[in-house]
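Examining the three-dimensional arrangement
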Amino acid sequence: MIFIMNYLLLHDKKIKGMSKCEQCIIKQFNSLKALTKDELIRISSCKTSKTIKKGEVIFEEGEVLNGVYCVKDGICKLTKLSANGKDQIVKMVVKGDLLGQRSIVSEERSNLQATALNDMEVCFIPKSEILADLQKNPDFTFNVLKDMANDLKEADDVIVNMAQKSVRQRLAETIIYIHESFGVNPDGTLSVLLSREDFANIVGTATESAIRVLSQFKKEGLISTIGKRIKIENIEDLKRVE
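The structure displayed is predicted, hence computed values, not measured ones.

Conventions used here
Residues numbered from 1 in each chain as written. Predicted model: local features only at pLDDT ≥ 70, side-chain atom pairs only at ≥ 80, totals over all residues. Heavy atoms only, no water. Helix = DSSP H or I, 4+ residues; strand = E, 2+ residues; numbered from the N terminus. Buried < 20%, exposed > 50% of the residue type's maximum accessible area, 1.4 Å probe, protein only. Contact = heavy atoms within 4.5 Å. Axes fitted to C-alpha atoms, helices over the stretch in contact; angles between N-to-C directions. Parallel < 35°, antiparallel > 145°, perpendicular 65-115°, else oblique. Nonpolar A, V, L, I, M, F, W, Y, C, P; charged D, E, K, R; others polar. Core = buried A, V, L, I, M, F, W, Y, C linked by side-chain atoms within 4.5 Å. Expected span 1.5 Å × (residues − 1). Polar contact = N/O pair within 3.5 Å; in protein donor to acceptor, adjacent residues only side chain to side chain. Pairing = 2+ DSSP bridges. Phe/Tyr/Trp six-rings, centres within 6.5 Å; stacked < 30°, edge-to-face > 60°. Lys NZ or Arg CZ within 6 Å of the ring centre and 35° of its normal.

**What about the overall build of the protein chain?**
For the protein chain, the helix and strand inventory stands at 9 helices and 10 strands. Counting the 242 residues in the protein chain, one finds 38% classified as buried. Considering only intrachain contacts with a sequence separation of at least 6, the fraction spanning at least 24 residues in the protein chain is 69%.

**Observations concerning the packing of helix H2 (residues 37–46) against helix H4 (residues 127–136)**
Viewed as axis vectors pointing N to C, H2 and H4 meet at an angle of 170 degrees, and their least axial separation amounts to 10 Å. Comparing the axis directions of H2 and H4 gives the class roughly antiparallel. Contacts between H2 and H4 involve Glu39, Arg42, Ile43 and Cys46 on the former and, on the latter, Glu129, Ala132 and Asp133. In the contact of H2 with H4, the residues fall into 3 nonpolar, no polar and 4 charged.

**Some points on the nonpolar core**
Core analysis: the largest hydrophobic core is formed by 33 residues, its most contacted members being Ile58, Leu99, Met120 and Phe140. Discounting residues that sit within four places of it in the chain, Ile58 has contacts with Ile52, Tyr69, Cys76, Leu99, Ala114 and Met120. Leu117, Ile178, Leu190 and Phe217 belong to the second largest nonpolar core, which has 25 residues in total.

**Considering helix H5 (residues 138–164)**
Given a rise of 1.5 Å per residue, 27 residues ought to cover 39 Å, and the 39 Å separating the end C-alpha atoms of H5 matches this to within 8%. Buried residues of H5: Phe140, Asn143, Val144 and Met148, and no others. Where the residues of H5 are buried, they touch helix H3 (101–106) and H4. Looking at where H5 begins, the residue whose side-chain oxygen comes 3.0 Å from the main-chain nitrogen of Asp139 is Asn137.

**What about the sheet that holds strand E3 (residues 67–73)?**
Strand order in this open sheet of 4 strands is E1-E8-E3-E6, and the pairing throughout is antiparallel. Strand pairing shows two members of the sheet lacking a second neighbour, strand E1 (48–52) and strand E6 (98–99), which therefore form its edges. Sheet topology places E3 next to E6; 2 bridges connect them, and they run antiparallel. By the bridge assignment for E6, Cys70 is matched with Leu98. Where H4 meets the sheet, it contacts E3 and strand E8 (120–126), and its direction lies at approximately 65 degrees from that of E8.

**Description of the packing of aromatic side chains**
One pass over the full model with this rule turns up 3 aromatic pairs. On the basis of an interplanar angle of 90 degrees and a centroid distance of 5.9 Å, the ring pair of Tyr177 and Phe182 is categorised as edge-to-face. Three or more aromatic residues joined by ring pairs form one cluster here, namely Phe59, Tyr69 and Phe124. Here the basic side chain of Lys50 rests over the ring of Phe124, its NZ or CZ set 5.0 Å away from the ring centre.

**Overview of helix H7 (residues 196–203)**
Within H7, 6 of the 8 residues are buried, which leaves it mostly tucked inside the rest of the structure. Elements in contact with the buried residues of H7: strand E4 (76–81), strand E5 (87–93), H5, helix H6 (167–182), helix H8 (207–219) and strand E10 (229–232). Looking one or two residues beyond H7, the residue adopting positive phi is Gly204, at roughly 75 degrees.

**A look at the sheet that holds E4**
One open sheet accounts for 4 strands, arranged E2-E7-E4-E5; its pairing is antiparallel. Where the open sheet ends on each side, the last strands, each with one partner, are strand E2 (57–59) and E5. Across this sheet, the average inter-strand angle for adjacent strands is 30 degrees, counted without regard to direction. In this structure, E2 lies alongside strand E7 (residues 113–116), joined through 2 bridges in antiparallel fashion. Bridge pairing in E7 places Phe59 opposite Ala114.

**A few points about unusual backbone geometry**
The phi angle of most residues is negative, glycine excepted, and most peptide bonds adopt the trans form. A positive phi angle, near 55 degrees, is found at Glu107, a position not held by glycine. Note that Glu107 resides in the loop between H3 and E7.

**Considerations on the pairing of E8**
Counting buried residues along E8, 6 of its 7 residues qualify, which places the element largely inside the surrounding structure. Bridge count for E1 against E8 is 5 bridges, and the pairing is antiparallel. Its bridge partner being in E8, Lys50 is matched across the sheet by Val122. Where E3 lies against E8, 6 bridges are found, and the strand directions are antiparallel. From the neighbouring strand, Tyr69 faces E8, where its bridge partner is Phe124.

So yeah, pure geometry; function would need other evidence.
Dropping the structure here:
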């Protein structure tokens, strides 16, 4: 009995230790890496760990955010509702990214909606803690600004792609991006499962057009499908799609 109690106590300490911000490896992938140990300890004492189920909305477009989300595991999509009522996927957020920092800095409502593409683990950090560190730690402020500048650069690239590249090119690049960024399953299919509507919303076209282009890619031997999942068969030719 004593052995079991000691084991459970040790196990509990390990779990708590893993959740401490100052010991979390995830912070190395975002602006939190610029915080001091004392600042991380302070944040760790007031953050909240959450499990987000696939398809669950993390926050809505137009919502007032009371903090930021640090993604410990999983992937979500950031979408913007267009004038015609369709969602445009602006970005996919992965493990190590922060959600909501732009709204906190600008003190504006969220411009995007965040939705989990698979089960996620996130840590919610209150707005007051982030603002305190922005005011006191210039290295942290600089890192946040760099992240926001990078987001703007990516947005510029998206605008150019929409204006200058065909739907075939944009869809091919999206498939390659998912393959290179998120990897594949043991059967070779893309590890991220997106609906045909999601693909359409990423490249900015109608769902019917995305389905038609994917069928063309299959006929050309560029991809194959296993159920709803996509597998790249010829990545070099896929990169040369026009």
